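# Residue-level structure breakdown
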Amino acid sequence: MKKGGAVISMLAVVFAMVQLLVAKPGEAAITCGQVDSSLASCIPYLMGGGNPAAACCDGLKNLKAITPTTADRRAACDCVKAAAARYPNIKEDAASSLPTKCGVQIGIPISKTTNCAK
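Residues numbered from 1 in each chain as written. Predicted model: local features only at pLDDT ≥ 70, side-chain atom pairs only at ≥ 80, totals over all residues. Heavy atoms only, no water.

## As for helix α2 (residues 32–39)
Inclusion rule: Each residue's exposure class comes from its accessible area (1.4 Å probe, protein chains only) as a fraction of the maximum for that residue type: buried when under 20%, exposed when over 50%, partly exposed otherwise. Strands are runs of DSSP state E lasting at least 2 residues, helices are runs of H or I lasting at least 4, and numbering of each runs from the N terminus. Arc, as used here, means the arc of the directions from the helix axis to the C-beta atoms. Contacts: residue pairs with any heavy atoms within 4.5 Å of one another.
Three or more residues of α2 are buried, namely Val-35, Ser-38 and Leu-39. Along the axis of α2, the buried positions cluster into a sector of 85°, meaning they face one direction only. Looking at the buried residues of α2, the elements they touch are α3 (43–48), α4 (54–65) and α5 (70–86).

Structure representation (structure tokens):
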């Protein structure tokens, strides 16, 4: 009986930990680190124009996949805006055309001036 009780106790602890890690409804589960990682390969395109690399478009597709909720997209938008502010040489036209050039509509504007609350 002690072994069964220990298993049940362990399951209860694991369940409690999972509940702490899962985002509450309406809260974003995405981090700026995830956003930055997804878009890091886009920096050369965003600063120089031309055509984005395949790795950049793959990162954009990943960003779309990890931002399924409105809260996630707003959080990612804030992260994109903060990242864009760190790179003053980003070309706004390259940033705004990135989703179209990659063929991925992510629902997150890529700009330094976006109002992410909308």
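Further notes follow.
## Remarks on the pattern of salt bridges
What counts here: Just to be clear on terms, a salt bridge is a Lys or Arg side-chain nitrogen sitting within 4 Å of an Asp or Glu carboxyl oxygen.
Within the structure shown, the criterion is met by one salt bridge. The shortest N-O distance in the salt bridge between Asp-36 and Arg-86 comes to 3.2 Å. Taken together, the residues span a long stretch of sequence, with Asp-36 in helix α2 and Arg-86 in helix α5 at a distance of 50 residues. The exposure class assigned to Asp-36 is partly exposed, which follows from its relative accessible area of 29%.

## Observations regarding the packing of α2 against α5
Short version of the rule: Interaxial angle, 0 to 180 degrees, is taken between N-to-C directions of lines fitted to C-alpha atoms, where a helix line uses only the stretch in contact. Orientation is classified from the angle alone, with under 35 degrees giving roughly parallel, over 145 giving roughly antiparallel, 65 to 115 giving roughly perpendicular, and any other angle giving oblique. We call a crossing left-handed when the near helix sits turned anticlockwise from the far one by less than a right angle, and right-handed when that turn is clockwise.
Two elements in contact, α2 and α5, have axes separated by 9 Å at closest approach and are oriented at 60°. In terms of axis orientation, α2 runs oblique to α5. α2 and α5 meet at a crossing whose hand is right-handed. Across the interface between the two elements, Cys-32, Val-35, Asp-36 and Leu-39 from α2 touch Ala-76, Cys-79, Val-80, Ala-83 and Arg-86 from α5.

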